[in-house]
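Residue strings, one per chain:
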Amino acid sequence: MLDVIKDTLIDGIKLLPFLFITYLLMEYIEHKMGKKSKELIKKSDKFGPFFGAFLGAFPQCGFSVSATNLYSARLITLGTLIAVYLSTSDEMLPIFISESVDFIIIVKILFVKLLIGMMIGFFIDFFVRLIRKNKNKDFQENEQDIKEFCEEEHCHCNESGIFKSALKHTINIFFFIVLVTFFINIIVYVIGEDNISKILLNKPVLGQIVSAFIGLIPNCAASVILTNMYLENVISVSSLISGLLTGAGVGLAVLFKINKDVKDNIKVVILLYLIGVISGIVLELIGFKI
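As the structure is a prediction and not an experimental result, all values here were calculated from the model. (Residues numbered from 1 in each chain as written. Predicted model: local features only at pLDDT ≥ 70, side-chain atom pairs only at ≥ 80, totals over all residues. Heavy atoms only, no water.)

K.L.:
What exactly am I supposed to notice about the overall build of the chain here?
P.N.:
Across its full length, the chain holds 15 helices and 0 strands. Counting across all 290 residues of the chain, residues that qualify as buried make up 52%. Restricting the contact set of the chain to residue pairs at least 6 apart, pairs at least 24 apart contribute 82%. Accessible surface for the chain amounts to roughly 14600 Å². Of this, 68% is attributable to carbon and sulfur atoms. (Helix = DSSP H or I, 4+ residues; strand = E, 2+ residues; numbered from the N terminus. Buried < 20%, exposed > 50% of the residue type's maximum accessible area, 1.4 Å probe, protein only. Contact = heavy atoms within 4.5 Å. Areas by Shrake-Rupley, 256 points an atom, 1.4 Å probe, with all protein chains shown as cover.)

Written out as structure tokens, the structure is:
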């Protein structure tokens, strides 16, 4: 139990820099930047999935949390958010390195995740723009939504300054993440990784379905479980990728905390899960090896 508490605090502390920088940026955009700067951000949305996929590929889940906050304020697109989630590997890279896994294997897995995230992200944004164009909707929602986001979160930036406001939001979300992480760590501790791995042993298709579901656990425990099972030859590489694609760390937990549109949140989860399962099955069918 002491290890559970220790791991929970360490996971939360790792996210603090990402949380603070993200909230500071959002406060600055809303209260300091001019109209031209906001227009520049809107135009950059077209390249969002490209940069999002690369940023998400960095170890840990900090960028998925940052992307979640930016998406909730509608500063990035759905495609960019999904690209970040899909490319996020959380604890996979540190574990692979500690286990002296061949560098080529690590690169191949990261590249496949990055490529899938980027391609799916661009496709989603293209599809969303096509629908909006057909419905004659413009793209004025970014500026309105970040104002609504700040109002709902009670920023009060004019009274306390953007630094104090960002610090307040960072602390609030930090405690929320710690509570969620602690709860999930206890569940994993009680069930045990061995019992979870038995569900997936030598079961194609079902392996991708269950692995993708495990990946949805809003905690680094998901990537730890999946990576260790792969290293122990319990699951195939395609099942591993299915789980890692859906594994966005605590990003999903933060999404349900700060994004008030519950239907939108459920849509993101379903979309993420289907992409993870289908991608893993396709990789299995084509005989993907590393």
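K.L.:
Could you clarify how one ought to interpret the pattern of salt bridges in this entry?
P.N.:
Side-chain pairs of opposite charge can arise where the charged atoms are in close proximity. This model, assessed by the stated rule, comprises 2 salt bridges. The shortest N-O distance in the salt bridge between Arg74 and Asp264 comes to 3.3 Å. Here Arg74, found in the loop between α4 (62–72) and α5 (78–87), pairs with Asp264, found in helix α15 (residues 262–285); they are 190 residues apart in sequence, far enough to count as distant. Per residue, the accessibility class of Arg74 equals that of Asp264, and both read buried. For the salt bridge of Lys267 with Asp264, the shortest nitrogen-to-oxygen distance reads 3.0 Å. Placement of the pair is Lys267 and Asp264 together in helix α15, with a separation of 3 residues, close to one helical turn. A relative accessible area of 5% means that Asp264 is categorised as buried. (Salt bridge = Lys/Arg side-chain N within 4 Å of Asp/Glu carboxyl O.)

K.L.:
What should I look at first to understand helix α7 (residues 103–134) in this one?
P.N.:
For an α-helix the count is 3.6 residues per turn, leaving residues at separations of three or four pointing the same way. Under the 1.5 Å per step criterion, the end-to-end length of α7 is 47 Å for 32 residues, consistent within 8% with the ideal 46 Å. Turning to α7, its buried residues are Ile106, Ile109, Leu110, Val112, Lys113, Leu114, Ile116, Gly117, Met118, Gly121, Ile124 and Asp125. Here the buried face of α7 lies against α3 (48–56), α5, α6 (92–98), α13 (237–246) and α15. With a side-chain oxygen lying 2.8 Å from the backbone nitrogen of Ile104, the N-terminal cap of α7 falls on Asp102. (Expected span 1.5 Å × (residues − 1). Polar contact = N/O pair within 3.5 Å; in protein donor to acceptor, adjacent residues only side chain to side chain.)

K.L.:
Explain the nonpolar core to me, please; I cannot follow it from the model alone.
P.N.:
Tyr85, Phe96, Ile109, Leu240, Ile241, Leu252 and Val268 are the most contacted members of the largest nonpolar core, which totals 46 residues. Once residues within four sequence positions are removed from consideration, Leu240 is found in contact with Phe96, Ile109, Leu226, Thr227, Tyr230 and Ile235. Of all hydrophobic cores here, the second largest spans 7 residues; its members include Phe20, Val65, Ala166 and Val254. (Core = buried A, V, L, I, M, F, W, Y, C linked by side-chain atoms within 4.5 Å.)

K.L.:
What am I meant to see in the packing of helix α11 (residues 206–215) against α15 here?
P.N.:
When two helices pack together, their arrangement is given by the angle between the helix axes and the distance between those axes. α15 packs onto α11 with a crossing angle of 145° between their chain directions and a minimal axis gap of 9 Å. Every pair of crossing elements has a handedness; the one defined by α11 and α15 is right-handed. Each of Gln208, Ile209, Ala212 and Phe213 in α11 lies in contact with α15, whose residues at this interface are Tyr273, Gly276, Val277, Gly280, Ile281 and Glu284. (Axes fitted to C-alpha atoms, helices over the stretch in contact; angles between N-to-C directions. Left-handed = near helix turned anticlockwise from the far one by under 90°.)

K.L.:
Explain unusual backbone geometry to me, please; I cannot follow it from the model alone.
P.N.:
The bulk of non-glycine residues show a negative phi, and the bulk of peptide bonds are trans. In this structure, Arg74 takes a positive phi of about 60° despite not being glycine. Residue Arg74 is classed as buried on the basis of its relative accessible area of 14%.

K.L.:
What is the right way to read the environment of Phe288 from this model?
P.N.:
Topologically, Phe288 is positioned in the segment after α15. Spatially, the C-alpha atoms of Phe288 and Ser236 are 9.8 Å apart, while their sequence positions differ by 52 residues. For Phe288, the residues in contact, after removing those within four places along its chain, are Val112, Val237, Ile241 and Leu283.

K.L.:
Looking at this model, I keep getting lost on a nonpolar patch on the surface. Mind explaining?
P.N.:
A surface patch of nonpolar side chains, amounting to about 880 Å² of accessible area, comprises Phe256, Val262, Ile266, Ile270, Leu274, Ile278, Val282, Leu285 and Ile286. Looking at the nonpolar patch, the element that brings in the most residues is α15, giving 7 residues. With respect to the element layout, Ile286 can be found in the segment after α15. (Patch = residues over 30% accessible without salt bridge, like charges linked within 9 Å, V, L, I, M, F, W, Y side chains within 5 Å.)

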